[in-house]
Protein chains: 2
Amino acid sequence: MNEEDVKHIHKQKMQKRKEFQDKQVQAADKTKKLLMVYTGTGKGKSTAGFGTILRSLGHGYKVGVVQFIKGAWQTGELAALNRFDNLIRYEVAGEGFTWNTQDRERDIKKAQEAWNFALEMLTDDSYHLILLDELNIVLRYDYLPLEEVLAALGKRQNHVIVTGRNAKPELIVIADLVTEMKLVKHPFREQGVKAQEGIEF
Amino acid sequence: MNEEDVKHIHKQKMQKRKEFQDKQVQAADKTKKLLMVYTGTGKGKSTAGFGTILRSLGHGYKVGVVQFIKGAWQTGELAALNRFDNLIRYEVAGEGFTWNTQDRERDIKKAQEAWNFALEMLTDDSYHLILLDELNIVLRYDYLPLEEVLAALGKRQNHVIVTGRNAKPELIVIADLVTEMKLVKHPFREQGVKAQEGIEF
């Protein structure tokens, strides 16, 4: 095959792909309040949620964030979100990861408090997007009644992102988009590399 | 098992997990300039990269972004990044997705221009974090010499994130963290739902 043939084939291939994509874009004319789930053991679940929140804020939309499990390292996120403090409601619950508290009753109480914040947002359609960060973990430990959560998500008028490992199958069923973050390679913690500012927190 | 037993078992389980985590955190005392790769066909690759950029910006670090494939929908990101314009260098290359141009030579030229921006950043250790968005796609189409890219990544003094489908195996070998975004469920486009502001762009 000479160079001209290669060019021609490339052009044909790209032309076909463009036709397919144009057709798909033209056919898509509906809007829908999306329920998006980021789950799996890999990195990037909360970060992708946080990035989408910033995208909405960039457009000037009002957003809500409920952090069900308080992480130790959130200073970078908070500093970035502070630039948009007139557009964001940010609520944190919990006392660190559950394995730091070792008190199931207290965890349940904290989860319920966080869920009450979430309910206020989910019943207020002025929120364009709501991030329920680590809700999956809380559901996995049965800290909240799954049926109540599913019912509230079913009735909402907002875009919603739910993050955390081990998403419940019932949640996946009602979701519009589910991405599993799969850990392919993560050797650096085992090599003694600590969490670094501006990257992991 | 009565309620007290359940509580006791929960506490023991959480105690063990905490001990393991504490040990791991204590053992990790090194720092390393990380090469992070987000790949796979699922959603959230660029968004996770964008979220990490915002995390660095939140801490006041200087960051660089090179977008190898210009997307049509970037207004939300750009508006958010504009809040930090003194800390960010943002370069865009390309003329939309390759299947919109159908001109391999032009694509290669654009990729090389973008790579030159990337090289300037990768040889400047004042950048805390550099996002090479969709570099994987450019490498997949052989628009850039892989060896040159790997060599520059090997010599750099910055944290780097590379995104895009179909990461080259050679890149995965030298990466510190690889997450595959796996598409579990994504029915809404097929249902005719269009891309929505503040969510997908």
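Above this note sits the structure.
Residues numbered from 1 in each chain as written. Chains lettered and ligands numbered in written order. Predicted model: local features only at pLDDT ≥ 70, side-chain atom pairs only at ≥ 80, totals over all residues. Heavy atoms only, no water.

Caption draft 1: Here's a closer look at the overall build of chain A. Check the secondary structure of chain A and you find 8 helices and 6 strands. In chain A, the order of α-helices and β-strands from amino to carboxyl end is α-β-α-β-α-β-α-α-β-α-α-β-α-β. Taken along the three principal axes of its C-alpha coordinates, chain A extends 70 × 45 × 35 Å. Looking at chain A as a whole, 51% of its 201 residues are labelled buried. The long-range fraction of contacts in chain A, counting pairs at least 24 apart against all pairs at least 6 apart in sequence, stands at 82%. Surface summary for chain A: the accessible area is close to 9400 Å², and the carbon and sulfur share equals 49%. The positive charge centre, built from 30 side chains, and the negative charge centre, built from 28, are 4 Å apart in chain A. (Helix = DSSP H or I, 4+ residues; strand = E, 2+ residues; numbered from the N terminus. Buried < 20%, exposed > 50% of the residue type's maximum accessible area, 1.4 Å probe, protein only. Contact = heavy atoms within 4.5 Å. Areas by Shrake-Rupley, 256 points an atom, 1.4 Å probe, with all protein chains shown as cover. Lys, Arg positive; Asp, Glu negative; His and termini not counted. Charge placed at Lys NZ, Arg CZ, Asp CG, Glu CD.)

Caption draft 2: View of the packing of aromatic side chains. Residue and element names in this part refer to chain A. Under the criterion given, the structure shown has 2 aromatic pairs over all chains. With centroids separated by 5.6 Å and ring planes inclined at 25 degrees, the aromatic side chains of tyrosine 141 and tyrosine 143 adopt a geometry described as stacked. Considered together, tyrosine 141 and tyrosine 143 belong to a single accessibility category, that of buried residues. Geometry around tyrosine 127 places lysine 62 over its ring, the cationic atom sitting 4.3 Å from the centre. (Phe/Tyr/Trp six-rings, centres within 6.5 Å; stacked < 30°, edge-to-face > 60°. Lys NZ or Arg CZ within 6 Å of the ring centre and 35° of its normal.)

Caption draft 3: Representation of the sheet that holds strand S2 (residues 63–67) of chain A within the structure. The 12 strands are arranged S3(A)-S2(A)-S4(A)-S5(A)-S1(A)-S6(A)-S6(B)-S1(B)-S5(B)-S4(B)-S2(B)-S3(B) in an open sheet whose pairing can be described as mixed. Looking at strand neighbours, the two that pair on one side only are strand S3 (88–92) of chain A together with strand S3 (88–92) of chain B, the edges of this open sheet. Put simply, the sheet's adjacent strands are angled 15 degrees from each other on average, direction ignored. Judged from the 4 bridges that link them, strand S1 (residues 35–39) of chain A and strand S6 (residues 177–185) of chain A form a sheet pairing that is parallel. Along S6 of chain A, the bridge assignment pairs methionine 36 of chain A with leucine 177 of chain A. Contacts between helix H5 (residues 104–122) of chain B and the sheet are confined to strand S2 (63–67), S3, strand S4 (129–133) and strand S5 (159–163) of chain B, with S2 of chain B contributing the most and set at about 165 degrees to the helix. (Pairing = 2+ DSSP bridges. Axes fitted to C-alpha atoms, helices over the stretch in contact; angles between N-to-C directions.)

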